[in-house]
Amino acid sequence: MRWWLILGAWLALPMAAMAQTGPANVVVLDTLHQMHAEVPAYDNAALGRAIERLKPDVLCVELQPDDLTARPPEKTKQEYPSVIYPLIDRHPLRVYAMEPAEPLYDTLLAPYRASTMAFNEREPAQAKAFGQYVDGLYTVLKARWTSPAAVNDHVTDDALRAKHALQEALMGPAEHTGWEAWNGHFLEVVQRAARENPGRRIVVLVGAEHGYWLRGHLRDTPGVMLLDTPKALEDPAPN
């Protein structure tokens, strides 16, 4: 009987340790891709400082798995060769690629791209007006983005949530389906990272238009403690 008691106590140790570890602390940090060069308060250097300030144990990045080793040139996501790859090289971080590998990458994106092209051909006047709206929205946002916190606050989230609501209303159900599927894959990766890294700090680096979506879905995710990004940028992370 004594051996069964000892064995039971030994088997309970990992569960007790997990209970004490607690949920992963997750921060979603918006990036601006090539627009970092157009926002002085959140240029590549400021992005690097923001990530360092958050002191991540784990990064979730907006890349395909092979990109982490091949590190191809980036026309759009210029923050990766400029900031994020060097940061990964400096720190012993666990890194998760949120974009799917092929063939899933093309499976998810092809219908979404086809829907956008069809809208442009079917409704050229609406497409032109929507493009002007997006240009104006970003002109206003770039003027308002006077700090990394401003890029990641509820005002930015609300503005980009409204942009996508209008986009879906104009373009139809395929736009909604594609956007949900793409962001849904990001969410699955973050959830896996949280399960595999309980109690650790995970920084999710994602283009600003995805930030509101991920924050909204991560708030109620089991095993995740979603941190308020502006506040996390103000408060030093625990050592």
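Before reading further, recall that the structure is shown in the block above.
Since the model is a prediction, treat every value here as computed from it, not as a measurement. (Residues numbered from 1 in each chain as written. Predicted model: local features only at pLDDT ≥ 70, side-chain atom pairs only at ≥ 80, totals over all residues. Heavy atoms only, no water.)

Enquirer: Mind laying out the overall build of the chain, listing which residues take part and the relevant values?
Expert: Of regular secondary structure, the chain possesses 11 helices and five strands. Put simply, the chain has 239 residues, and 45% of those count as buried. If you take every contact in the chain between residues at least 6 apart in sequence, the share linking residues at least 24 apart comes to 79%. Summing over all exposed atoms, the chain offers an accessible surface of approximately 12,600 Å²; the carbon and sulfur share of this is 60%. (Helix = DSSP H or I, 4+ residues; strand = E, 2+ residues; numbered from the N terminus. Buried < 20%, exposed > 50% of the residue type's maximum accessible area, 1.4 Å probe, protein only. Contact = heavy atoms within 4.5 Å. Areas by Shrake-Rupley, 256 points an atom, 1.4 Å probe, with all protein chains shown as cover.)

Enquirer: I'd like to hear about the side chain of Asp-30, residue by residue, with values.
Expert: Its location among the elements puts Asp-30 in strand E1 (residues 24-31). A distance of 3.0 Å separates polar atoms of two side chains, one belonging to Asp-30 and the other to Arg-215. Once residues within four sequence positions are removed from consideration, Asp-30 is found in contact with Tyr-42, Val-151, Asn-152, Asp-157, Val-206, Ala-208, Gly-211 and Arg-215. (Polar contact = N/O pair within 3.5 Å; in protein donor to acceptor, adjacent residues only side chain to side chain.)

Enquirer: How would you summarise the environment of Asn-183 if you had to cite specific residues and measurements?
Expert: Mapped onto the elements, Asn-183 comes out in helix H9 (residues 173-196). A sequence separation of 85 residues divides Asn-183 from Met-98, and the C-alpha atoms of the two residues are 9.3 Å apart. With sequence-adjacent residues up to four places away left out, Asn-183 is seen in contact with His-210, Trp-213 and Leu-214. Polar contacts involving the side chain of Asn-183 include one to the side chain of His-210, which spans 2.7 Å.

Enquirer: Explain the packing of aromatic side chains residue by residue, including any values.
Expert: Working definition: an aromatic ring pair is given by the centre-to-centre distance plus the angle between the planes. Within this structure, the stated rule accounts for five aromatic pairs. Taking 6.0 Å as the distance between ring centres and 55 degrees as the angle between the ring planes, the aromatic pair formed by Tyr-80 and Tyr-85 counts as tilted. The pair formed by Tyr-80 and Tyr-85 is uniform in burial state, with each residue classed as buried. Aromatic side chains Phe-130 and Tyr-133 sit 5.8 Å apart centroid to centroid with 40 degrees between the ring planes, which places their arrangement in the tilted category. (Phe/Tyr/Trp six-rings, centres within 6.5 Å; stacked < 30°, edge-to-face > 60°.)

Enquirer: So what's going on with the packing of helix H5 (residues 104-122) against helix H8 (residues 154-171)? Residues and values would help.
Expert: Contact pair H5 / H8: the axes reach a minimum separation of 10 Å and the direction vectors enclose 70 degrees. Comparing their axes, H8 and H5 come out roughly perpendicular. Handedness of the crossing formed by H5 with H8: left-handed. For the pair H5 and H8, the contacting residues are Tyr-112, Ser-115, Thr-116, Phe-119 and Arg-122 in the first and Gln-167, Leu-170 and Met-171 in the second. Looking at the contact of H5 with H8 residue by residue, the class counts come to four nonpolar, three polar and one charged. (Axes fitted to C-alpha atoms, helices over the stretch in contact; angles between N-to-C directions. Parallel < 35°, antiparallel > 145°, perpendicular 65-115°, else oblique. Left-handed = near helix turned anticlockwise from the far one by under 90°. Nonpolar A, V, L, I, M, F, W, Y, C, P; charged D, E, K, R; others polar.)

Enquirer: Account for the pattern of salt bridges, with residues named and values stated.
Expert: Two side chains carrying opposite charge are able to pair once their charged atoms lie near each other. Counting across every chain of the model gives 12 salt bridges. Of the charged contacts in the structure, one is a salt bridge between Asp-89 and Arg-71, with a shortest N-O distance of 2.9 Å. Placement of Asp-89 in helix H4 (residues 79-90) and of Arg-71 in the loop between helix H3 (67-70) and H4 is noted, with a sequence separation of 18 residues between them. Looking at Arg-71, the relative accessible area reads 29%, which means it is partly exposed. (Salt bridge = Lys/Arg side-chain N within 4 Å of Asp/Glu carboxyl O.)

Enquirer: Describe the packing of H5 against H9, with residues and values.
Expert: Running from N to C, H5 and H9 point in directions that differ by 150 degrees, and their axes come no closer than 9 Å. Classified by the angle between their axes, H5 and H9 sit roughly antiparallel to one another. The two elements H5 and H9 meet at a crossing, and its hand is left-handed. Residues Leu-104, Tyr-105, Leu-108, Leu-109, Tyr-112, Ser-115 and Thr-116 of H5 touch H9, and the partners they reach there are Ala-174, Glu-175, Gly-178, Trp-179, Ala-181, Trp-182 and His-185. Along the lines of polarity and charge, the residues of the contact of H5 with H9 split into nine nonpolar, four polar and one charged.

Enquirer: Which residues make up the side chain of Glu-175, and what values do they have?
Expert: Of note, Glu-175 is situated in helix H9. Comment: no salt bridge for buried Glu-175; closest opposite-charge side chain is Lys-163, at 6.6 Å. Leaving out residues up to four positions away in the same chain, Glu-175 has contacts with Tyr-112, Ser-115, Thr-116, Gln-167 and Glu-168. (Lys, Arg positive; Asp, Glu negative; His and termini not counted.)

Enquirer: Describe the pairing of strand E2 (residues 58-61), and please don't skip the residues or the numbers.
Expert: A two-sided burial pattern is seen for E2, the buried positions comprising Val-58 and Cys-60 on one face and Leu-59 and Val-61 on the other. Note that E2 and strand E3 (residues 94-97) share four bridges and pair parallel. Counted as the bridge partner of Cys-60 is Tyr-96 from E3. Of the strand pairs in this sheet, E2 and strand E4 (residues 201-207) are connected by three bridges, and their pairing is parallel. Across the sheet, residue Cys-60 finds its bridge partner in E4, namely Val-204. (Pairing = 2+ DSSP bridges.)

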